[in-house]
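Structure assessment
Given next are the chains, with one letter for each unit.
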Amino acid sequence: MPTRPPNSPVKSAEPRPENIFLFIPNLIGYSRILLAGASLYYMSYHPHYCTILYSFSCLLDALDGYAARKFSQSTKFGAVLDMVTDRCTTSCLLCFLSSAYPKWAILFQGLISLDLASHYMHMYASLDRGAGSHKKVEKKRSRVLNLYYSNNKILFVFCAANELFFLAMYLLSFPQFSSEIHSWPWIVAIATFPICAAKQWINVVQMVKAAVSLAEGDVEQRRKSS
């Protein structure tokens, strides 16, 4: 039977690769999807359940980012999961608002398109520039986006107010909430509307800056190939 020479080094076992899918912030992201899915189930006939579930899903959006920083588990998969979940949940709510307020359907459809186009183009432009994250925007490219993405408090306020306005409009589509002008959904809608409107303006800025960035990349690539 062959034996190991006495002075030969012992081979250490290779460390097992990390399972990115089981990182804590990603587990929180999965729970957000489940909560959002449950809220959609109740959306058409039980506004209380829907609002509670949707709100918890949105609140966990802040928690997964905190967990990623605390446990050093920030990943590209987690960033994409977070953004896709945000876009899908907001789009589903806006789809409902389009049917609940048919006269304003074109506006809600436009907001869905703006949200999806803006974030997709921004993500693609960030990858094209070689940025490690879509939240890393230099001041020279856009002071507005730099402030928006670099300050977690500002980002939270804008995102929270945006969702609160749409949730308030959702509740106001039910007679039990829209009958009184001083009901709390009316108050929330009035209070959050200016920030929600500003959020849409930021989406426009984000889309325009992404388009400029992609065009500059195209010019640079054509110059190198010529």
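Every chain is numbered independently, its residues counted from 1 as its sequence is written. The model is predicted, so local features are restricted to residues of pLDDT at least 70 and side-chain atom pairs to those at 80 or more, both for listing and for counting; the totals for chains, interfaces and linings are taken over all residues. By convention in this description, side-chain values take in all heavy atoms of the structure and omit both hydrogens and water.

The protein chain carries the name CDP-diacylglycerol--inositol 3-phosphatidyltransferase in an unreviewed UniProt entry, which gives Tuber magnatum as its organism. As stated in UniProt under Sequence similarities (unreviewed entry), the record for the protein chain gives "Belongs to the CDP-alcohol phosphatidyltransferase class-I family." A UniProt comment under Catalytic activity (unreviewed entry) is attached to the protein chain, and it reads "a CDP-1,2-diacyl-sn-glycerol + myo-inositol = a 1,2-diacyl-sn-glycero-3-phospho-(1D-myo-inositol) + CMP + H(+)". UniProt positions are given in the numbering used here, feature names are shortened, and annotations may be inferred rather than shown by experiment.

Thoughts on the environment of I112
Each helix is a run of DSSP H or I of at least 4 residues and each strand a run of E of at least 2, with the numbering of both proceeding from the N terminus. Position of I112 relative to the elements: it lies in helix α4 (residues 105–129). Along the backbone, I112 and A79 are 33 residues apart, and their C-alpha atoms lie at a distance of 20 Å. Whether two residues are in contact is decided by their heavy atoms: any pair within 4.5 Å suffices. When near neighbours in sequence (up to four residues on either side) are disregarded, I112 contacts S91, L94 and C95.

A short note on the pattern of salt bridges
Salt-bridge detection follows one rule: a side-chain nitrogen of Lys or Arg within 4 Å of a carboxyl oxygen of Asp or Glu. What the rule picks out here adds up to seven salt bridges. For D82, the salt bridge is made with R32, and the minimal N-O distance between the two is 3.0 Å. Highlighted residues: D82 in helix α3 (residues 76–100) and R32 in helix α1 (residues 24–42), separated in sequence by 50 residues. What makes D82 buried here is its relative accessible area of 17%. Judged by its relative accessible area of 2%, R32 falls in the buried class. Under the scheme applied here, a residue whose accessible area is under 20% of the maximum for its type counts as buried, over 50% as exposed, and between as partly exposed, the area being computed with a 1.4 Å probe on protein chains only.

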